[in-house]
Amino acid sequence: MKRLGILLSGRGSNFLAIADAIHAGRLTGAEIAIVISNQADSYGRKRAAALEFPTALIESKGRKRVEHDAEIIACLNEHEVDLVILAGYMRLLSPEFIAAFPNCILNIHPSLLPAFPGLDAQTQAFEYGAKVAGCTVHFVDEQLDHGAIVLQRAIPVLESDDAHSLADRILAEEHIAYPEAIGRVLSGQYALQGRRYVRKSDLAEPSHIPVK
Ligand code: GRF
């Protein structure tokens, strides 16, 4: 069983989608070891506690990033976390944090990266006039919303959309994408070629035709 450490700051709907997927048997071989919030009033942590998941509040306000991250790393290690899941965690990770979990931190972003990194990606896409929007699950590296892409889900931007309805429809895709991406990563059936995530089934098989 692989152990997930969820980091969140707010609403927590992606955390709940992951918890639901595990509960329903759509995401197998994974369990939630700890849910950590850096915000005292995060609804996601309250929901996690109500569902009797282990939770921790490690407040970031007014603290140096490296010190705060060191406390989070210690908490993740204490709970023997294999894969770190950023689920609406509104704080950049220090290089020390990324080095502590090499290629073992995932993030979800509500745009088709590399378009519209950063805050309010759905509004950025809407106001830009994009005709296709979506979400991206990616490994975390030292640049914002940048690491190797595990999967993306795309939807059309409708004539009837406003920024809110678009964000709602992207969120529904996020709730499908994140459990699926976690399952793929936990299966280990992939390789990273540069910044390309390649599923093992898509890798070129050596020819079995004998060479004369
Ligand atoms: C999501 O839109 C996610 O893509 C972004 O932050 C938001 C978190 O929402 N990184 P929730 O807290 O999971 O509901």
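Refer to the structure printed above.
Below is a summary of the structure that appears in this document.

Basis of the calculations
- Sequence order as written defines residue numbering, which begins from 1 separately in each chain.
- Two thresholds apply to this predicted model, a pLDDT of at least 70 for residue-level local features and 80 or more for giving and counting side-chain atom pairs, whereas whole-chain, interface and lining totals are computed over all residues.
- Values shown for side chains rest on all heavy atoms present in the structure; no hydrogens or waters enter the calculation.
- For this purpose, a residue is taken to be near a molecule or strand whenever a single non-hydrogen atom of the residue falls within 4 Å of it.
- Polar contacts, as counted here, are pairs of nitrogen or oxygen atoms within 3.5 Å of one another; within protein the pair requires one atom able to donate a hydrogen and one able to accept it, and residues that are adjacent in sequence qualify only if both atoms are side-chain atoms.
- Only the protein chains shown count as covering a residue, and every accessible area follows the Shrake-Rupley method with a 1.4 Å probe.
- Only DSSP runs of H or I reaching four residues or more are called helices, and only runs of E reaching two or more are called strands; each is numbered from the N terminus.
- Think of it as three bins: nonpolar holds Ala, Val, Leu, Ile, Met, Phe, Trp, Tyr, Cys and Pro, charged holds Asp, Glu, Lys and Arg, and polar takes everything else, Gly as well.
- For every domain, the bounds stem from an assignment made automatically or drawn from a database.

Around the ligand sit Arg11, Gly12, Ser13, Asn14, Gly88, Ile108, His109, Pro110, Gln122 and Glu174, and those are all the residues in its vicinity. Gly12 is positioned such that a nitrogen or oxygen atom in its backbone is 2.8 Å from an oxygen atom of the ligand. For the ligand, an oxygen atom lies 2.8 Å from a polar atom in the backbone of Asn14. Summarising the interface, the protein chains cover 87% of the accessible area of the ligand, which totals 370 Å² for the free molecule. Sorting the residues of the shell around the ligand by element identifies α1 (13–23) and β5 (105–109) as the ones contributing at least two each. Of the residues contributing to the shell around the ligand, the split by class is two nonpolar, six polar and two charged. Both domain 1 (1–102) and domain 2 (108–138 + 150–191) contribute no fewer than three residues apiece to the shell around the ligand.

Moving on: the side chain of Asn38. Relative to the elements of secondary structure, Asn38 occurs in the loop between β2 (30–37) and α2 (43–50). Separated by 2.8 Å, the side chains of Asn38 and Ser9 make a polar contact.

These results come straight from atomic positions and should not be treated as a statement about function.
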